[in-house]
Amino acid sequence: MRIILCDNYEELSKKAAKIVASQITLKPDSVLGLATGSTPVGMYNELAKMYRQGELDFSEVKTFNLDEYYPIKKKNKQSYDYFMRENLFSKINIKNENIHIPNGETENPQKECEDYEKQIKANGGVDLQILGIGRNGHIGFNEPDASLNSFTHLTNLTENTIKANSRFFDSFDDVPKQALTMGISTILNAKKIILLASGASKRKVVSELINGGINTNIPATMLKTHPDVVLVCDRESYSGAKLGIDIGGTNIKMAVIDQNDIVYKSNFKTEDTEEKIMQSLTEKILSLKSSLDITTVGIGTPGIIKEGRVTATNLPFSDTPLESEIAEKTGLCVTVDNDANCAALGEVIFGSTKDCDNIVLVTLGTGVGGGIIMNRQILHSKNNMGEIGHFVIQAENGRPCPCGQTGCWEQYCSMTAFIKDAKDAAMKNPDSILYKMMKNDTLTGEDIFKSMDKGCPVAKKVFDDYIRYLAMGINSLVNIFGPDAIVLAGGVTRQGDKLLNPLKKLIKSDVRLEISTLQNDAGSLGAAML
Ligand SMILES: [Zn+2]
């Protein structure tokens, strides 16, 4: 089952209509299986709009509706016949003889059902079946526990369904007690099926559909046996637990968020081949999926991401279809984004800046990276390059950068640059405390701060220069993006106020300057919220 997750009902209606439209465009005489209920109404409106705008032609299209009350008069406003004419058929150029709806006025329901099946067959079968899903998992009038393998048949409605539908009738007694409905076999014979789910009331059944097995008590789960089903749903109907994965060069971190609480965290080794990484991710996701009721997976990874395909230099990914492959192997909705973007999202949702709408995260590590959050969403550049470490802060005689420019911020403010500068200064001043701190020709960030604490002027000069460069970059970021806060992360930020206080003096605006409270967890937490 493929899942298309939409932000809201409007998007769901548009996406579903697009699938129907491409079916009709590819095969103008398509046979459509149609459903009633409130969920598909938005999709029908979109289809009618496409017809009005001359984008779609229904003149050769044939339709078969899923079900109809029995007995009921066609002119009764509660009949599905009336519903379909009102919501779709009267708004498009479909021919009357191409419309098929089980006849609720028939005197011989048995024969009506047999004829209906024959007509579907005579028209070559249903090309695309549209379905809604009931709260208890019913599709059409195939109620839980009904004979699930049947073709079009007359069925008794359960008391729950009669009660639920009585809101459309004058009274409980006015609701027909039976219905004519395509059977599960009729539905499964369709070449392609799209299932629509919208709203929080469908959350439980959607989660069961994704995570549960095939169960006759939830008729919709029978759809899992069909090879081409697309679930189009909105976020309200699809909000089980969210799994976030942060792929790093040495470790992969996972976090599961349920209702904004972190309910699970783990950490495992990053394998050394693309295939092994895919395999370990799939195994871990599948083992968490059912136990924690997971519905979405977000993955943060270093590198450049284009349409879910990843190319990264420090991982065995080269145009790797991470998003589609993990989605296919796990049956979950998967989104992939850059790891720094995920970390920034994690900071604005779970970190000390969760009261902010706009932040810039600056990670000071081997390089300088980060992510930009505007209106609590990741700011994506068109080609996914948004590399904040690579704007130039030194125009004259700037240090060369592997990106091809000279004088990039990263060449002055990464931990690598900070330590290299300290080492160079120490080598030039063999009498300094900093020089004495060196062991086997190496220095750590800690050593620089320790030397300063002991009054080393050489270390102090290195640090002051570092802070000056850091402030220069931050001031530029503030000028460009005007964020509410700048969040700093990375090993050097463990120094806390020793880093923050001198830096604040050089920041020209009243932007909030914070040190990440999430640090290495920001990526997996943010990925979960993609
Ligand atoms: Zn650069």
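All values derive from a computational prediction rather than experimental measurement.

Undergrad: Would you take a moment to explain the pairing of strand β7 (residues 153-156) for this structure?
TA: A regular strand carries its side chains on alternate faces of the sheet. Side chains H153 and T155 of β7 all project onto a buried face; the interleaved residues L154 and N156 project onto a face where none is buried. Two elements, β7 and strand β8 (residues 178-181), share 4 bridges in a ladder whose sense is antiparallel. Bridging from a neighbouring strand, H153 pairs with T181 of β8.

Undergrad: Would you mind showing me how to read the sheet that holds strand β16 (residues 309-312) here?
TA: Neighbouring strands of a sheet are bound in pairs by backbone hydrogen bonds; such pairs are parallel or else antiparallel. If you trace the 3 strands from one edge of the open sheet to the other, you get β15-β16-β17, paired in antiparallel fashion. Of all the strands in the sheet, the pair left with one neighbour each is β15 (304-306) and β17 (317-320). Averaged over all pairs of adjacent strands, the angle between their axes in this sheet comes to 20°, without regard to strand direction. Direction of pairing for β15 relative to β16: antiparallel, over a ladder of 3 bridges. The partner of K306 across the bridge, within β16, is R309.

Undergrad: Would you mind going over the pattern of salt bridges with me for this structure?
TA: Where charged atoms of side chains with opposite charge meet at close range, the side chains can pair. Counted under the stated rule, the structure contains 25 salt bridges. The shortest N-O distance in the salt bridge between K191 and D127 comes to 3.2 Å. With K191 in the loop between α6 (184-188) and β9 (192-197) and D127 in the loop between α4 (109-122) and β6 (128-132), the pair connects residues that are 64 residues apart, well separated along the chain. What makes D127 buried here is its relative accessible area of 6%. The shortest N-O distance in the salt bridge between K276 and D272 comes to 3.3 Å. For D272, a relative accessible area of 57% corresponds to the exposed category.

Undergrad: Sorry if this is basic, but what is going on with the coordination of the zinc ion here?
TA: Four donors placed tetrahedrally around a metal ideally meet at 109.5 degrees, and six donors placed octahedrally ideally meet at 90 or 180 degrees. Within the protein, the atoms that donate to the zinc ion are H390 (ND1), C401 (SG), C403 (SG) and C408 (SG), at distances of 1.9 to 2.3 Å. For the zinc ion, the 4 donor atoms are set out with angles of 104 to 120° between them, so the coordination reads as tetrahedral. All donors to the zinc ion come from one chain, and their sequence spacing reads H-x10-C-x1-C-x4-C.

Undergrad: How should the sheet that holds β6 be read in this particular structure?
TA: Ordered in space as β1-β10-β9-β6-β2-β3-β5, the 7 strands form an open sheet in which the pairing is parallel. At either end of the open sheet lies a strand with only one pairing partner, and these are β1 (2-6) and β5 (99-100). When strand β2 (residues 31-34) meets β6, the two strands line up parallel, connected through 2 bridges. By the bridge assignment for β6, G33 is matched with Q129.

Undergrad: Even after reading the chapter, I still don't get the nonpolar core, so can you show me in this structure?
TA: A general feature of soluble globular proteins is that nonpolar side chains tend to end up buried together. Ranked by size, the top nonpolar core spans 59 residues in total, and within it I245, L281 and L322 carry the most contacts. The element best represented in this core is helix α8 (residues 274-292), accounting for 5 residues. Lining this core are residues from two domains, each supplying at least three of them: domain 1 (2-237) and domain 2 (241-345). Among all residues touching I245, those that are not within four sequence positions of it are I252, K253, M254, L281, I285, V297, G298, I299, G300, S524 and A527. Within the second largest apolar cluster, 46 residues are counted, among which are V368, A471, I486 and L499.

Undergrad: Explain the packing of aromatic side chains to me, please; I cannot follow it from the model alone.
TA: How two aromatic rings sit relative to each other is set out by the distance from centre to centre and by the angle between their planes. The full count for this structure, using the stated rule, is 10 aromatic pairs. For the ring pair F64 and Y116, a centre distance of 5.5 Å and an interplane angle of 75° mean the geometry is edge-to-face. Residue F64 is found in strand β3 (residues 62-65), and its partner Y116 is found in helix α4; the two are separated by 52 residues along the sequence. For the pair F64 and Y116, a shared accessibility class is recorded, and that class is buried. Aromatic side chains Y69 and F141 sit 5.7 Å apart centroid to centroid with 50° between the ring planes, which places their arrangement in the tilted category. With Y69 in strand β4 (residues 67-70) and F141 in the loop between β6 and β7, the pair connects residues that are 72 residues apart, well separated along the chain.

Undergrad: I would appreciate a short explanation of the domain arrangement of the protein chain in the present structure.
TA: When the parts come together, some accessible area is lost, and that loss is often what is quoted as the size of the interface. Taken domain by domain, the protein chain holds domain 1 (2-237), domain 2 (241-345) and domain 3 (358-519). The gap between the C-alpha centroids of domain 1 and domain 2 is 35 Å. At the junction of the two partners, domain 1 supplies 5 residues and domain 2 supplies 8 residues. Interface of domain 1 and domain 2: buried area, both sides summed, is about 590 Å²; carbon and sulfur atoms make up 57% of it. The three residues of domain 1 that bury the most area against domain 2 are I3, I210 and N211, which together make up 67% of that side's buried surface. Our count for the contact surface shared by domain 1 and domain 2 stands at 0 salt bridges. Of all the secondary structure elements, the ones that give two or more residues to the side of domain 1 that touches domain 2 are β1 and α7 (203-211). Per-element tally for the side of domain 1 that touches domain 2: the top contributor is α7, with 3 residues. Classifying every residue of the side of domain 1 that touches domain 2 gives 3 nonpolar, 2 polar and no charged.

Conventions we followed
Residues numbered from 1 in each chain as written. Predicted model: local features only at pLDDT ≥ 70, side-chain atom pairs only at ≥ 80, totals over all residues. Heavy atoms only, no water. Buried < 20%, exposed > 50% of the residue type's maximum accessible area, 1.4 Å probe, protein only. Helix = DSSP H or I, 4+ residues; strand = E, 2+ residues; numbered from the N terminus. Pairing = 2+ DSSP bridges. Axes fitted to C-alpha atoms, helices over the stretch in contact; angles between N-to-C directions. Salt bridge = Lys/Arg side-chain N within 4 Å of Asp/Glu carboxyl O. Donors = N, O, S within 2.8 Å, 3.2 Å for Na, K, Ca; no water. Tetrahedral: all angles 85-135°; square planar, octahedral: opposite > 155°, others 65-115°. Core = buried A, V, L, I, M, F, W, Y, C linked by side-chain atoms within 4.5 Å. Domains from an automatic or database assignment. Contact = heavy atoms within 4.5 Å. Phe/Tyr/Trp six-rings, centres within 6.5 Å; stacked < 30°, edge-to-face > 60°. Buried area = accessible area lost by both parts, 1.4 Å probe. Nonpolar A, V, L, I, M, F, W, Y, C, P; charged D, E, K, R; others polar.

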